[in-house]
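For reference, the chains in residue letters:
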Amino acid sequence: MTDRERLDRIFDEIYRVEGAFAVEAWKTAEPVPFAEKTCGEALGALHPGERWGKDWDCAWMKLTAKLPDNQAGDLALLLDVGGEACLFDERGKALKGFTNVQSEFTVALGRPGKVCMFLPEAPAREVTFWADCGANDLFGAKPENGVFVRAEFARCDLEKRGLYYDLDVLLSVAETGSAEAKRLFDEAISEPDVAAARKKVSAFLQNGEQAAQTVFAIGNAHIDLAWLWPMRETRRKAVRTLATACYLLERYPEYRFSVSQPQMMEWVKEDAPELYERVCEWMRAGRIELLGGMWVEPDVNLPTGESLARQLLYGIDESERVFGEKQTVLCLPDSFGFCGQLPQLIKSAGLSGFLTTKLSWNGVNRFPYKSFRWKGIDGSEVVSHIPPEGNYNSGAWPASVLKAKGDKADPSALLYGIGDGGGGPGMEHLERVAREKQLPGFPKVQNGSVREFFEALKQREKDLPVWQGELYLEKHQGVYTTFGELKAAMAECERGLFEAEIYAALAVRTVWRSEDEAARKEQIGRYRETIGRLWKGVLLLQFHDILPGTCMQRAMKENLAACEKLRGEIFVYAKELRGLLTVPSEEEYVWNCKPCGEGSLTVAPPEERKERLCTRQGERFLENKYFRVEFTETGAIEQITALDSGETLLRARA
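Residues numbered from 1 in each chain as written. Predicted model: local features only at pLDDT ≥ 70, side-chain atom pairs only at ≥ 80, totals over all residues. Heavy atoms only, no water.

Engineer: Just give me the short version of the overall build of the protein chain, but keep the residues and values in it.
Structural biologist: In terms of helices and strands, the protein chain carries 16 helices and 27 strands. What you see for the protein chain is a C-alpha radius of gyration of 29 Å, in line with the 26 Å of a compact globule of 654 residues. Projected onto the principal axes, the alpha-carbon positions of the protein chain cover approximately 95 × 60 × 55 Å. Looking at the protein chain alone, contacts between residues at least 24 apart form 74% of all its contacts between residues at least 6 apart. For the protein chain, the separation between the mean place of its 84 positive charges and that of its 100 negative charges on side chains is 2 Å. (Helix = DSSP H or I, 4+ residues; strand = E, 2+ residues; numbered from the N terminus. Rg over C-alpha atoms; globule rule 2.2 N^0.38 Å. Contact = heavy atoms within 4.5 Å. Lys, Arg positive; Asp, Glu negative; His and termini not counted. Charge placed at Lys NZ, Arg CZ, Asp CG, Glu CD.)

Right under this line is the structure:
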């Protein structure tokens, strides 16, 4: 028997089942809110092993039981619906997220299933819970989804549970090469007295000297807004994740949680307003940090610079105006490489730090730094960090902490939890972190936030190496040609918004100025509301698994339909704004709304259009008044010629 198998035997003894919940279910094809929980197909009583839904089906399950006395706070609900679920009380308060044990996720980063919730201390009583369920797991659909597993209440042996996590961390230290930890593990796991075994292990876990280097343990839940699931499921993942975060914050006083993307918070506000208010309270208490550097975590190579600026504008404004969170860092843990213009945009937005994990994915040219100053093509610099473990899904194991140890005293970040839609940290992550603060031979571990980590890192800013230009990722190269329909529609959305804002700017200076002050303010307010809604729709679809085309087929079809609808709305609105403007005569005019040209804005009569605004094209060339570009049969550029001098500016190799 291996050491891990010996340890698992202790885990199996922690919970003693005392009874089961009676479960009824109502199934729907798409999610329905709490108020409509019984509107679906009534499935009646549900028993372990019974299938309640196929891929992506939804259901509300009613759980009822008479619970035994729980004065010691050791009674727990064990729930596995064969998918993902969020548990609510009878009033509609979101209590905690749950995930099936069979989820496709490595146990090296934490047990995939979130199946346990400790119940409040109370005398024996009858209780009712409601579970909002999805026949899908952390990473999409699989055959096991939609099969009900269990809904039981169990008595937890709290001391044995504590010993299990003590030994879990001790064995993990032993697996890094510590002979002393291995000797003590063998001794403690054979000790029949649980209290005596815990005393031996605790003495070792708290015996480390204060190391010069600090690892900031940051609980997080990077959530892909669409990937192996449709966007409608992301909204429910957001509720499950934040309900779990609030549950853990109440049980672990030192726990800190970082939630990304203001777009996700907006969804939670719409779908679970009571939970949203609780999250805001935790933010005000400094326990939840909103990483709102951008509206979503977008691709930063395909969108225009104006779109990236709007990501920053709306992301920072939402987090600071609504939540009072002063933003200092841009966090893009999972985007597919970073353009050299980004530091300039980051600095221009008032931010000073940048964090990603993605550069750790390079398989050929290893990125040389973990902490560095990233210099953009204009010379702007931002302090930047790539967590040494190289992911945002850390299991918070001692090996994870050890990876942060180096010759330098630079602090490092450890982003722990199950991301990509997995609901963030579970109790096992927090139990490990609590035991790793002072391990012998390890860096010091401190619960913290991304903001606090960067404040510490900036103390060593002058000693950091410099990297200038693009941060190139050697993965996902095909994403910039995949699903071209969406990319083309997105480009038109960007162009339409650019035009709409030019027309609105002219209307402010002309048409709306002539109105009385109240009417003028009303017009401008209506414009800001509309343009903000349209921009946020565009920014959402620039998410790094949507615009590059790396999410599931259903999600891609839905995203394209959303983009096409958005494009239509944008051009109707741009036409409406353009209709407010007048021209000098009754002749037909065209507006040059290109971002560059002979003038920032040009009104040209018909006879000048061809020369100033249009490009001639032939079978294999494009030409304007300045240049002629010729192409090969395959579409590659063959030659570029300056028409005024006849000089060949570029010619393809023979």
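Engineer: Please give an account of the environment of Gln468 that cites residues and values.
Structural biologist: Counting through the fold element by element, Gln468 comes out in strand β20 (residues 466-468). Taking the C-alpha atoms as reference, Gln468 lies 30 Å from Glu325; in sequence the two are 143 residues apart. Separated by 3.4 Å, the side chain of Gln468 and the backbone oxygen of Gly376 make a polar contact. (Polar contact = N/O pair within 3.5 Å; in protein donor to acceptor, adjacent residues only side chain to side chain.)

Engineer: Before we move on, could you go through the confidence of the model for the protein chain and cite the residues and values that matter?
Structural biologist: Residues of the protein chain with pLDDT of at least 70 account for 94%, and the chain-wide mean is 91. Confidence drops under a pLDDT of 50 for residues 597-602, and excluding neighbours within four residues, the segment shows 14 contacts in the predicted structure. In this model, residues 608-614 is a region of pLDDT below 50 whose contacts with residues beyond four sequence positions or in other chains number 14 contacts. (pLDDT = per-residue confidence, 0-100.)

Engineer: Give me the sheet that holds β20: which residues, what numbers.
Structural biologist: Pairing within the open sheet is mixed, and its 5 strands lie in the order β14-β15-β17-β16-β20. The sheet is open, and its two borders are formed by β14 (329-331) and β20, each paired with just one other strand. The sheet shows a mean angle of 30° between the axes of neighbouring strands, direction not considered. When β14 meets strand β15 (residues 353-355), the two strands line up parallel, connected through 3 bridges. Following the sheet pairing, Leu330 is matched in β15 by Phe354. (Pairing = 2+ DSSP bridges. Axes fitted to C-alpha atoms, helices over the stretch in contact; angles between N-to-C directions.)

Engineer: So, the pattern of salt bridges: which residues are in play, and what are the values?
Structural biologist: Within this structure, the stated rule accounts for 60 salt bridges. Where Glu41 meets Lys27, a salt bridge forms, and the shortest distance between an N and an O atom there is 3.9 Å. With Glu41 in strand β3 (residues 41-45) and Lys27 in strand β2 (residues 22-28), the pair connects residues that are 14 residues apart, well separated along the chain. One salt bridge connects Glu84 with Arg240, and the closest N-O pair in it is separated by 3.1 Å. With Glu84 in strand β6 (residues 84-88) and Arg240 in helix α5 (residues 231-251), the pair connects residues that are 156 residues apart, well separated along the chain. The burial state of Glu84 is the same as that of Arg240; both residues are buried. In the salt-bridge network here, residues are joined through shared partners; they are Glu30, Glu84, Asp132, Arg232, Glu233, Arg236, Lys237, Arg240, Arg554 and Glu558. (Salt bridge = Lys/Arg side-chain N within 4 Å of Asp/Glu carboxyl O. Buried < 20%, exposed > 50% of the residue type's maximum accessible area, 1.4 Å probe, protein only.)

Engineer: Would you mind going over the packing of helix α13 (residues 484-509) against helix α14 (residues 517-540) in detail, with residue names and values included?
Structural biologist: Close contact between α13 and α14 brings their axes to 11 Å; oriented N to C, the two are set at 170°. With respect to α14, the element α13 is oriented roughly antiparallel. Between α13 and α14 lies a crossing whose hand is left-handed. Contact residues: α13 offers Met490, Cys493, Leu497, Ala500, Glu501, Ala504 and Val508, while α14 offers Arg520, Ile524, Tyr527, Ile531, Leu534, Trp535 and Val538. (Parallel < 35°, antiparallel > 145°, perpendicular 65-115°, else oblique. Left-handed = near helix turned anticlockwise from the far one by under 90°.)

Engineer: Give me the lowdown on the sheet that holds β3, citing residues and values where you can.
Structural biologist: Spatial ordering of the open sheet is given by β3-β2-β4-β9-β6-β7, a layout of 6 strands whose pairing is antiparallel. Since the sheet does not close on itself, it has two edges, and those belong to β3 and β7 (94-99), each with one partner. For this sheet the average axis-to-axis angle between neighbouring strands, irrespective of direction, equals 20°. Judged from the 5 bridges that link them, β6 and β7 form a sheet pairing that is antiparallel. Among the inter-strand pairings, Phe88 is bridged to a residue of β7, identified as Ala94. Taken strand by strand, α5 contacts β4 (58-67), β6, β7 and β9 (125-134), and its axis lies near 115° from that of β7.

Engineer: Quick rundown of the packing of aromatic side chains? Include the residues and the values.
Structural biologist: To describe a pair of aromatic rings, you give the distance between the ring centres and the angle between the ring planes. This structure, assessed with the given rule, holds 22 aromatic pairs. Aromatic pair Trp26 and Trp130: ring centres 5.7 Å apart, planes at 40°, arrangement tilted. With a gap of 104 residues between them, Trp26 in strand β2 and Trp130 in strand β9 connect regions that are remote in the sequence. In this pair, the class of Trp26 matches that of Trp130, namely buried. Aromatic side chains Phe367 and Tyr369 sit 6.0 Å apart centroid to centroid with 90° between the ring planes, which places their arrangement in the edge-to-face category. (Phe/Tyr/Trp six-rings, centres within 6.5 Å; stacked < 30°, edge-to-face > 60°.)

Engineer: Residue-level account of helix α11 (residues 427-434), with values.
Structural biologist: Of all 8 residues in α11, 7 are buried; the element is thus mostly enclosed. Taken together, the buried positions of α11 are occupied by Met427, Glu428, His429, Leu430, Glu431, Arg432 and Val433. Looking at the buried residues of α11, the elements they touch are β8 (116-118), α2 (158-175), β11 (214-220), α5, β18 (412-416) and β19 (444-447).

Engineer: Tell me what's going on with the nonpolar core, and back it up with residues and numbers.
Structural biologist: Ranked by internal contacts, the top residues of the largest apolar core, which has 104 residues, are Phe21, Met61, Leu63, Leu87, Leu167 and Leu275. Residues contacting Met61, with those up to four places away along its chain left out, are Val23, Glu24, Ala25, Leu46, Trp52, Val81, Phe129, Trp130, Ala131, Cys133 and Phe148. Membership of the second largest hydrophobic core comes to 50 residues, among which are Phe139, Met231, Trp267 and Met490. (Core = buried A, V, L, I, M, F, W, Y, C linked by side-chain atoms within 4.5 Å.)

Engineer: Talk me through the side chain of Asn220; I want residue IDs and the actual numbers.
Structural biologist: Structurally, Asn220 can be placed in strand β11. On the basis of relative accessible area, Asn220 is assigned to the buried category, the value being 8%.

Engineer: I'd like a description of a nonpolar patch on the surface, backed by residues and values.
Structural biologist: A cluster of nonpolar residues, Tyr626, Phe627, Ile637, Leu649 and Leu650, forms a patch on the protein surface that exposes about 450 Å² of accessible area. The residue Ile637 is located in strand β26 (residues 637-642) in this model. (Patch = residues over 30% accessible without salt bridge, like charges linked within 9 Å, V, L, I, M, F, W, Y side chains within 5 Å. Areas by Shrake-Rupley, 256 points an atom, 1.4 Å probe, with all protein chains shown as cover.)

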